[in-house]
Amino acid sequence: MASVSSDEWRAVCDKFTNAQNLTVVESRNDPENDPFRSKYKARELLREIYCTLKSFEAGEGEEESGAESGEQRPPEPAVDGQREDGYDRGLSGDSPAGLRAAKLGAVEYYLGVNHVDTEELSAGQEHLMTCMKLLERCGVSSENVSLFIHVRNQLGILSAGWDETEAAQGFLETAESIYQRYLKEDGSPPTDMTEYFTTEENLLTHQERTKRFELAYTHTMYYLAQVYKNLGETERAATYCHSTLQRQLKLNQFSPMEWALNAATLSQYYITKGQYMEGRHCLSAATVISDLAGEVPSEAAAQESETEGERREQLRQKRAEIARCWIKYCLNVLQDSKKLLGDSIGELDTDRQEELKTARRREEEEEEKGRKSALLFGSEDTFDSIASLEEKVRCLLPLDFTEARAVFLVGQNYVTQAKEYFQMDGYVTDHIEILQDHSALFRALAFYEEDLERRCKMHKRRVDMLEPICSDLNSQYYLMIRRQMMFELAEIYNEMMDLKLTLANRQSDTESLDNHTVNKFNHLCSASTKYFQMFLDSLCSPEGKIPEHLEEEVLRPALVARFRVARLYSRLITSSPAAQLENLDKSLEHYKYVVQYCEAHPEATATVETELELSAEMVGLLPLQINRIKAKMVANN
């Protein structure tokens, strides 16, 4: 190869520098009607470099080329997903022939990336595979290890984009293996690919080489996280995602909002596993790192500048999405605690509560110390901020109202933040989902409230936030959401009815209920019935015909709604035998529907075993009660 001090070689280096500048800098300013203009120019320069390198190679002495031709024939080129790591091959990576192969391979690599960037994927793959073929004859060394990893990263991305997940896995796992073996057997700062075409005075420092090499492997880990997710290996995907985020912070190579959103998304995996310490740490880090993106531009600034307008939109949206992840965290903490503390009828088990409080005092400190050591995100600048935010939110399951309320208030604060961006005007579905989460927070908190009157007021807050939205929603466009809200409102009114009756019974002991209490009870009972019936009506055809077969997604809700309506009609309080008889007839009708539907569709039985058993019992008992009332009415007449 030509001497690095020659004019010819300097010309090659200048062309490469220009190609890089066109690709990275100039391309940002390309017009919309010619978006790849700079990259096409860069491609021509890379082709010229390739031709020059081939001419240099042809000009080498016959002796060297003859010696090379006598070497052992290189193995077959790599195929998609190959897992051979490139060690123990014939040519040394630092030999003249090995360096020539690396330089030609690097140009093929850059040509491949160039074609991928211009959406010519097949041509890009061809160049990348040619790069692999050129490297096949060489053993991995400090001179080419970076190229070995980069080309496999790119082929992994391409394969994943074509849904060739196993091929992508092969390329990326090989890249990982090469990185790990290189660190173990050599570990010196490797040559960066750009240095193949850099004059001696412009070579990188060892520190910069190391940083770029580590960044390449960080990309390998990031892509592997996506591959494992697509393969359904969620735990492995989460581990790689977590390591990627840690490495990005360590190398200071990240976009604050993108990093924050990825960390917040990762938190949702930990939350589903009940690993709340990890989930809280991810969310705290996401919040702190998102602040590094700066203040949200004002509306005035956004109107004056398109750039500021886009930045305002992006910051507000992503911070609102992080807020929604916090809401899910708080909600899941409360719901898991409720599962832990609830008795057989869904009430707080005070004995279990005391047991858990005693056990937690002994275990919580040691557990937190052990699990947190391998978890931490951040640098010296952010550690304290992340830790400070973590202290404001519990990661242990709350065991009483005071602890639960603290979690609830954090969740409610993030509800307010999320709703500021996801407003009803423009984000109907998102806004309603946030309202539903807010309602669920109140429901979870009510579990810990011993004062039944205050518990009832919490449920009333749920009604107040959901009922107006449910009434205004257009069923044609938001049928599924409206069904969810109707069912939830029916359940809320049902719960309030039970609470009011329990309260009344406690206050009056054995005395009869006063008219005010009866009217309140019947109002709540009728409201619950109304929303369950609205849900059932939404399942009917436009002509009002009840479906003969219920789809799987509505099967249980529909049969449960029937069962609840039957129960509600039988609970209405009235002094009129005729009205009581009418209510019991309606109740029997709905109980019969549950039984008859399950008889006609045996596969439905498993979804409503308890409700079916009670319905069958009531189908046998209610006719007796109805007949007694009829007989009494006849006797009185």
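Because the structure is a prediction, the values reported are computed rather than measured.

Participant: Please provide a residue-by-residue account of the overall build of the protein chain, values included.
Facilitator: Regarding its fold elements, the protein chain presents 23 helices and 0 strands. The buried share among the 637 residues of the protein chain stands at 47%. When contacts within the protein chain are restricted to residue pairs at least 6 apart in sequence, long-range pairs at least 24 apart make up 73% of them. A total of about 32,800 Å² of accessible surface is found on the protein chain, and carbon and sulfur atoms cover 47% of it. Each charge sign in the protein chain was given a centre, from 73 positive and 109 negative side chains, and these centres are 6 Å apart.

Participant: How would you sum up the packing of helix H13 (residues 306-341) against helix H16 (residues 401-421)? Please name residues and give values.
Facilitator: Here H13 crosses H16 at 155°, and the two axes come no closer than 8 Å. The angle between H13 and H16 falls in the class roughly antiparallel. Read as a crossing pair, H13 and H16 show a hand that is left-handed. Taking contact as the criterion, the partners of Glu313, Arg316, Gln317, Ala320, Ala323, Arg324, Trp326, Ile327, Cys330, Val333 and Leu334 in H13 are, on H16, Ala404, Val407, Phe408, Val410, Gly411, Tyr414, Val415, Gln417, Ala418, Glu420 and Tyr421. A class-by-class count of the residues in the contact of H13 with H16 yields 15 nonpolar, 3 polar and 4 charged.

Participant: Account for the pattern of salt bridges, naming residues and giving values.
Facilitator: One side chain can pair with another of opposite charge once the charged atoms of both are near each other. Tallied over the full model, the rule gives 32 salt bridges. The salt bridge involving Arg360 is made with Glu403; its shortest N-O contact spans 2.7 Å. Of this pair, Arg360 sits in helix H14 (residues 350-372) while Glu403 sits in helix H16; the two residues are 43 residues apart in sequence, bridging distant segments of the chain. For Arg360, a relative accessible area of 16% corresponds to the buried category. Exposure remark for Glu403: the relative accessible area of 16% places this residue in the buried category. By sharing partners, the salt bridges in this structure join Glu173, Glu233 and Arg236 into a single network.

Participant: Just give me the short version of the environment of Leu536, but keep the residues and values in it.
Facilitator: For Leu536, the location among the structural elements is in helix H20 (residues 515-537). Taking C-alpha positions, Leu536 is 75 Å from Asn202, a pair spaced 334 residues apart along the chain. Setting aside residues up to four positions removed in sequence, Leu536 forms contacts with Ala558, Ala561, Arg562 and Val565.

Participant: Run through the packing of aromatic side chains, naming residues and quoting values.
Facilitator: By convention here, two paired aromatic rings are described through the distance between centres and the angle between planes. Summed over the entire model, instances satisfying the criterion amount to 28 aromatic pairs. Note on Tyr421 and Tyr427: the rings are 5.0 Å apart at their centroids and 40° apart in plane angle, and the pair reads as tilted. Using a relative accessible area of 26% as the deciding quantity, one classes Tyr427 as partly exposed. A ring pair is formed by Phe563 and Tyr591, whose centres lie 5.9 Å apart and whose planes are at 65°; its orientation type is edge-to-face. Highlighted residues: Phe563 in helix H21 (residues 552-571) and Tyr591 in helix H22 (residues 577-600), separated in sequence by 28 residues. Both residues of the pair, Phe563 and Tyr591, belong to the buried class. One aromatic cluster is present, built from ring pairs that chain together Trp9, Phe16, Phe56, Tyr109, Tyr110, Tyr196 and Phe197. The ring of Phe422 carries the charged tip of Arg324 above its face, separated from the ring centre by 5.2 Å.

Participant: Could you give me a rundown of the nonpolar core, with the residues and numbers involved?
Facilitator: Core analysis: the biggest nonpolar cluster contains 178 residues, and Tyr109, Phe197, Tyr329 and Leu559 have the highest contact counts within it. Beyond its immediate stretch of four places on either side in the chain, Leu559 contacts Leu550, Tyr593, Val594, Tyr597, Cys598, Ala604 and Val608.

Participant: Pulling in residues and values, what's your account of the domain arrangement of the protein chain?
Facilitator: Under the domain assignment, the protein chain is made up of domain 1 (91-193 + 204-253), domain 2 (255-294 + 311-350 + 377-450), domain 3 (472-545) and domain 4 (547-636). Taken over C-alpha atoms, the centre of domain 3 sits 16 Å from the centre of domain 4. Each side of the interface is counted separately: domain 3 has 22 residues, and domain 4 has 18 residues. Regarding the contact of domain 3 and domain 4, the summed buried area is about 1,700 Å², with carbon and sulfur atoms giving 70% of it. Sorting the residues of domain 3 by area buried against domain 4 places Phe532, Leu536 and Leu539 first, and these three jointly supply 26% of that buried surface. Across the contact surface, domain 3 and domain 4 share 2 residue pairs in polar contact (both at pLDDT 80 or more). Within the residue set of the side of domain 3 that touches domain 4, elements represented by two or more residues are helix H19 (479-508) and H20. Counting residues per element, the side of domain 3 that touches domain 4 draws most heavily on H20, which supplies 11 residues.

Participant: Residues and numbers for the packing of helix H6 (residues 145-161) against helix H7 (residues 165-185), please.
Facilitator: One way to put it is that H6 packs onto H7 with a least axis distance of 7 Å and a crossing angle of 160°. Comparing their axes, H7 and H6 come out roughly antiparallel. Two packed elements cross with a definite hand, and for H6 against H7 that hand is left-handed. Residues Val145, Phe148, Ile149, Arg152, Asn153, Leu155, Gly156, Ser159 and Ala160 of H6 form the contact with H7, whose participating residues are Ala167, Ala168, Phe171, Leu172, Thr174, Ala175, Ile178, Tyr179 and Tyr182. Residues belonging to the contact of H6 with H7 are distributed by class as follows: 13 nonpolar, 4 polar and 1 charged.

Participant: I'd like a rundown of the environment of Glu609, residues and numbers included.
Facilitator: Position of Glu609 among the secondary structure elements: in helix H23 (residues 609-636). Through-space distance from the C-alpha of Glu609 to that of Cys598 is 9.8 Å; in sequence the pair is 11 residues apart.

Participant: If you had to explain H13 to someone new, which residues and values would you point to?
Facilitator: A rise of 1.5 Å per residue sets the reference length of H13, with its 36 residues, at 52 Å; its end C-alpha atoms lie 53 Å apart and thus fit the reference within 8%. Among the residues of H13, the N-terminal cap falls to Ser305, whose side-chain oxygen and the backbone nitrogen of Thr307 are separated by 3.3 Å.

Participant: Give me the state of the cysteines: which residues, what numbers.
Facilitator: Applying the stated criterion across every chain yields a total of 0 disulfides. Lacking any disulfide linkage, Cys282 is separated from the closest cysteine sulfur, that of Cys241, by 8.0 Å. Take Cys598: it sits in no disulfide, and the sulfur closest to it among the cysteines is that of Cys540, at 18 Å.

Scoring rules and cut-offs
- Counting restarts for each chain, with residues numbered from 1 along the sequence as it is written.
- With pLDDT at 70 or above as the cut-off, local features in this predicted model cover only qualifying residues; side-chain atom pairs require 80 or more to be listed or tallied, and sums for whole chains, interfaces and linings still use all residues.
- Here the side-chain values reflect all heavy atoms present in the structure, with hydrogen atoms and water set aside.
- The way it works is that DSSP assigns letters per residue, a run of H or I at least four long becomes a helix, a run of E at least two long becomes a strand, and they are numbered from the N terminus.
- The cut-offs for exposure are 20% and 50% of the maximum accessible area for each residue type, with area from a 1.4 Å probe on protein chains only; residues under the lower value are buried, those over the upper are exposed, and the others partly exposed.
- Whether two residues are in contact is decided by their heavy atoms: any pair within 4.5 Å suffices.
- Only the protein chains shown count as cover for residues, and the accessible areas themselves come from Shrake-Rupley with a 1.4 Å probe.
- The charge count includes Lys and Arg as positive and Asp and Glu as negative, but it does not include His or the ends of the chains.
- The atoms used to mark charge sites are NZ of Lys, CZ of Arg, CG of Asp and CD of Glu.
- Comment: axis = line fitted to C-alpha atoms, over the contacting stretch for helices; angle = value between 0 and 180 degrees taken between N-to-C directions.
- Throughout, the term roughly parallel applies to angles under 35 degrees, roughly antiparallel to angles over 145, roughly perpendicular to angles from 65 to 115, and oblique to all others.
- We call a crossing left-handed when the near helix sits turned anticlockwise from the far one by less than a right angle, and right-handed when that turn is clockwise.
- We call Asp, Glu, Lys and Arg charged. Ala, Val, Leu, Ile, Met, Phe, Trp, Tyr, Cys and Pro are nonpolar, and the rest, Gly among them, are polar.
- Between Lys or Arg on one side and Asp or Glu on the other, a salt bridge is scored when a side-chain nitrogen of the former is within 4 Å of a carboxyl oxygen of the latter.
- Any pair of Phe, Tyr and Trp rings, taking the six-membered ring for Trp, is counted once the centres come within 6.5 Å. Such a pair is stacked with planes under 30 degrees apart, edge-to-face with planes over 60 apart, and tilted for the rest.
- Whether a charge sits over a ring comes down to the Lys NZ or Arg CZ being within 6 Å of the ring centre and within 35 degrees of the ring normal.
- Only buried residues count toward a nonpolar core. Its members are Ala, Val, Leu, Ile, Met, Phe, Trp, Tyr and Cys residues joined through side-chain atoms within 4.5 Å.
- For every domain, the bounds stem from an assignment made automatically or drawn from a database.
- Buried area is calculated as the accessible area (1.4 Å probe) missing from two parts once they are joined, with the contributions of both summed.
- N or O atoms closer than or at 3.5 Å make up a polar contact, with two conditions inside protein: a donor-capable atom paired with an acceptor-capable one, and, for residues adjacent in sequence, both atoms drawn from side chains.
- Each residue after the first adds 1.5 Å to the expected span of a helix.
- Disulfide: a pair of cysteine sulfur atoms within 2.5 Å of each other.

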